[in-house]
Amino acid sequence: MSNADPAPDEVACRPSSFAGVLQAREVPLGGPRAMTVRRTLPARERSMIGAWCFADHYGPQDIRTSAGMDVPPHPHTGLQTVSWLFDGEIEHRDSNGVHAAVRPGELNLMTAGAGICHSEVATPETTTLHGVQLWVALPDSDRHTARDFAHHVPEPRTIDGATVRVFLGELAGDRSPVHTFTPLLGAQVDIAPRASVSLAVDPSFEHGVLLDEGAVDVDQTALRRADLAYRSPGSDRLQIVNRGEQPARVMLLGGPPFGEALLMWWNFVGRSHDEIVAYRQAWQDRSDQFGEVVGYRGAVDRLPAPGMPGTRLKPRER
């Protein structure tokens, strides 16, 4: 998914002492009738959880009465995109020649490396879209790697009063086979009404719990929809309680603190102002660095990059 902000800030991603709950801000994905997403990462209080550097939550939205999702080809560098749906279906095309469907409960992970572009379009059969879009920053040693794509369907695993689907990393005795460039955890956890689940987690990881639906407490802290509860390293268990009479669902993200400073602007992850300027220019010049998406049919053939400020960007301290 593209960052649709028409005037994106350059974000310096560094360690933060913040420990608490991040609240989402609403961002329109496209034009005036477009779908609204709820963004929790990056935030002023905390820009990353492990290598997770971007988190959008959206829906459920009836796209019969809105523009839905039609994101023209747009670029990425220095990251992996994680697409995860609860409802609906999205058609993915990228400049590595991949044409795939994003479906509920199925992981689609795209590695941008040195440069890739892709499009995302809700299929004609889809009436409701509901899911999350996540980005993972690549470490400096691997951020110029080749483009790649992985698909994985995790088997649901029952533990206590919860059903766990582990799409990245390891949790509750289940391990995802999908390769990542830093240790990561990514899982969907569905919790039965009035149930509580205590999960054994890696104490070297920091963790984030993103609430999709339900009345949930994380370590005795109540969450509202789209809140992201942050927990620092040091604990080997995480308790999630569904206080309500309906099923609840959360996304659990984790990883060791990311030890590198990086910069994010629009859809690029880099290390310096000059590098991001060069990425933008390469995209505007239709450089082979990003390639071309074949088969996308939309009102425009690609998203233009937002304009850079007239002065050198200075990263906002976080």
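Keep in mind that this is a model prediction, so the values were computed, not measured. (Residues numbered from 1 in each chain as written. Predicted model: local features only at pLDDT ≥ 70, side-chain atom pairs only at ≥ 80, totals over all residues. Heavy atoms only, no water.)

Colleague: What is the right way to read the side chain of S176 from this model?
Modeller: Here S176 is to be found in the loop between β17 (174–175) and β18 (185–191). Note on S176: relative accessible area 7%, which makes it buried. There is a polar contact of 3.2 Å between the side chain of S176 and the backbone nitrogen of V178. With residues up to four places along the chain from it excluded, the contact list for S176 reads H152, V166, F167, L168 and G169. (Helix = DSSP H or I, 4+ residues; strand = E, 2+ residues; numbered from the N terminus. Buried < 20%, exposed > 50% of the residue type's maximum accessible area, 1.4 Å probe, protein only. Polar contact = N/O pair within 3.5 Å; in protein donor to acceptor, adjacent residues only side chain to side chain. Contact = heavy atoms within 4.5 Å.)

Colleague: Where do I start with the pairing of strand β8 (residues 90–94) in this structure?
Modeller: It is a general feature of regular strands that their side chains alternate between the two faces of the sheet. The buried fraction of β8 is high, at 4 of 5 residues. With 4 bridges connecting them, β8 and strand β9 (residues 99–102) associate as antiparallel partners. Residue pairing in the sheet places H92 in a bridge with A100 of β9. Taking the residues between adjacent antiparallel strands as the criterion, β8 and β9 are bridged by 4 residues, where G97 takes a positive phi near 85°. As paired elements, β8 and strand β11 (residues 116–122) share 5 bridges and run antiparallel to each other. Its bridge partner being in β11, D94 is matched across the sheet by H118. (Pairing = 2+ DSSP bridges.)

Colleague: Explain unusual backbone geometry here, please?
Modeller: The phi angle of most residues is negative, glycine excepted, and most peptide bonds adopt the trans form. The omega torsion of the bond from L41 to P42 falls at -5°, within 30 degrees of zero and hence cis. Considering the arrangement of structural elements, one finds P42 in the loop between β4 (35–41) and β5 (52–62). G59 connects to P60 through a cis peptide bond whose omega is 0°. Looking at where P60 falls in the secondary structure, it is placed in strand β5. Its identity as a non-glycine residue notwithstanding, D160 has a phi of 50°, on the positive side. Mapped onto the secondary structure, D160 falls in the loop between β14 (157–159) and β15 (162–168). With a relative accessible area of 54%, D160 lands in the exposed category. A positive phi is found at A172, a non-glycine position, where the angle reads about 55°. Checked against the element boundaries, A172 lands in the loop between β16 (170–171) and β17.

Colleague: Explain the nonpolar core to me, please; I cannot follow it from the model alone.
Modeller: One broad rule of soluble globular proteins: the nonpolar side chains tend to lie buried together. W52, V82, L107, F167 and L168 are the most contacted members of the largest nonpolar core, which has 40 residues in total. Elements represented by at least two residues in this core include exactly β5, β7 (79–87), β10 (107–111), β12 (128–137), β15, β23 (228–231), β25 (248–255) and β26 (262–265). Among all residues touching L168, those that are not within four sequence positions of it are W52, V82, L107, L109, S176, V178, T180, L184, L185 and G186. Listed in part, the 24 residues of the second largest apolar core include V164, L185, I191 and F205. (Core = buried A, V, L, I, M, F, W, Y, C linked by side-chain atoms within 4.5 Å.)

Colleague: I would appreciate a short explanation of the packing of aromatic side chains in the present structure.
Modeller: A ring pair, where both rings are aromatic, is described by two values, the distance of the centres and the angle of the planes. Evaluated as defined, the whole model comprises 8 aromatic pairs. Ring centres of F268 and F290 lie 6.1 Å apart, and the angle between their planes is 35°; on these two criteria the pair is classed as tilted. In this pair, F268 sits in strand β27 (residues 268–270) while F290 sits in the segment after α1 (273–284), placing the two residues 22 residues apart along the sequence. For F268, a relative accessible area of 0% translates into the label buried. Seen in terms of ring centroids, W283 and F290 are 5.7 Å apart; in terms of plane orientation they differ by 90°. Their pairing is edge-to-face. (Phe/Tyr/Trp six-rings, centres within 6.5 Å; stacked < 30°, edge-to-face > 60°.)

Colleague: I would appreciate a short explanation of the pattern of salt bridges in the present structure.
Modeller: When the charged atoms of two side chains lie near each other, side chains of opposite charge can form a pair. Applying the stated rule across the entire model yields 18 salt bridges. For E206, the salt bridge goes to R46, with nearest N and O atoms at 3.4 Å. Taken together, the residues E206 in strand β20 (residues 206–213) and R46 in the loop between β4 and β5 connect sequence positions 160 residues apart. The partner of R194 in a salt bridge is E245, with the nearest N and O atoms 3.0 Å apart. Of this pair, R194 sits in the loop between β18 and β19 (196–200) while E245 sits in the loop between β24 (237–242) and β25, and the two are 51 residues apart along the sequence. (Salt bridge = Lys/Arg side-chain N within 4 Å of Asp/Glu carboxyl O.)

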